[in-house]
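Structure assessment
Below are the chains, spelled out letter by letter.
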Amino acid sequence: MSGGDRARWDARHGAARPTAAAPPGALAGAGELTACLPVSGRALDVACGCGGVAVWLAQRGLVVDAVDISPVGLAAGAELAVAAGVAGRVRWIAHDLDAGLPADCRGPYDVVVCQLFRDPPRYADLAAALAPGGVLAITVLS
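The following paragraphs examine the structure supplied in this document. Predicted model only: the values in this text are computed from it and were never measured. (Residues numbered from 1 in each chain as written. Predicted model: local features only at pLDDT ≥ 70, side-chain atom pairs only at ≥ 80, totals over all residues. Heavy atoms only, no water.)

**Examining helix H3 (residues 52-60)**
The buried count for H3 comes to seven of nine residues, which makes it a mostly enclosed element. Just beyond H3, the residue with positive phi is Gly61, at close to 115°. (Buried < 20%, exposed > 50% of the residue type's maximum accessible area, 1.4 Å probe, protein only. Helix = DSSP H or I, 4+ residues; strand = E, 2+ residues; numbered from the N terminus.)

**Topic: the environment of Leu80**
Looking at the element boundaries, Leu80 is found in helix H4 (residues 71-84). According to the relative accessible area criterion, Leu80 is buried, its value standing at 16%. In this structure, the C-alpha to C-alpha distance between Leu80 and Leu136, residues 56 residues apart in sequence, is 24 Å. Leave out the neighbours within four places in its chain, and Leu80 touches Thr19, Ala20, Ala21, Cys50, Gly51, Gly52 and Val55. (Contact = heavy atoms within 4.5 Å.)

**Examining the nonpolar core**
With 21 residues, the main nonpolar core has Ala43, Leu57, Leu62, Val64, Val90, Val111 and Val113 as its most contacted residues. Among the elements of the structure, H3, strand E2 (63-68), H4 and strand E4 (109-115) are those that each provide at least two residues to this core. Contact partners of Val111, with chain neighbours within four places excluded, come to Leu37, Pro38, Arg42, Ala43, Leu44, Leu57, Leu62, Leu130 and Val135. Listed in part, the 16 residues of the second largest apolar core include Leu44, Cys114, Ala129 and Leu130. (Core = buried A, V, L, I, M, F, W, Y, C linked by side-chain atoms within 4.5 Å.)

**Comments concerning unusual backbone geometry**
A cis amide bond, omega 5°, links Gly107 with the succeeding residue Pro108. Structurally, Pro108 is set in the loop between strand E3 (90-94) and E4. Residue Ala47 is not a glycine yet carries a positive backbone phi of 55°. Among the secondary structure elements, Ala47 is positioned in the loop between strand E1 (42-46) and H3.

**A word on a nonpolar patch on the surface**
Together, Leu136, Ile138 and Val140 make up an exposed nonpolar region whose accessible area comes to about 180 Å². Locating Val140 in the fold gives a position in the segment after strand E5 (130-139). (Patch = residues over 30% accessible without salt bridge, like charges linked within 9 Å, V, L, I, M, F, W, Y side chains within 5 Å. Areas by Shrake-Rupley, 256 points an atom, 1.4 Å probe, with all protein chains shown as cover. Salt bridge = Lys/Arg side-chain N within 4 Å of Asp/Glu carboxyl O.)

**Here's the deal with H4**
Here H4 contains 14 residues, and its C-alpha end-to-end distance of 20 Å stays within 8% of the 20 Å for a straight helix at 1.5 Å per residue. Where H4 is concerned, the buried positions are Gly73, Leu74, Gly77, Leu80 and Ala81. Within H4, the buried residues cover an arc of 120° as seen down the axis, which keeps them to one side. Among the exposed residues of H4, those oriented more than 90 degrees off its buried face are Glu79, Val82 and Ala83. (Expected span 1.5 Å × (residues − 1). Arc of directions from axis to C-beta.)

Below, the structure written as structure tokens:
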């Protein structure tokens, strides 16, 4: 992404109402699927935005790496984590995903979530970051 993209996402996240901790969109309202997610281990939230999913995963008991290009979104996520009492369970990483995953986010992860960041060439990297038997949740607009 360019600096313009970063500024656009910063503006969007800055104007958004406060985020709440919530499961990935594909699992919202699907208790039987949510129950399949682990309650311990490591998670990666790619393009985490304001961190609602990252904080939700941390509340479940996972240690989370949350990656996004927007420092404004990451700051909102960090505030949400503090309010939820899970600040020590989430690492917030500012990174341009067009350059691939951050070098220190190679896994293995028990859960990898990617919502609303459509980049099919990156999906193989996400799958490769999974631990054996891990869960990959990708949600895109089409």
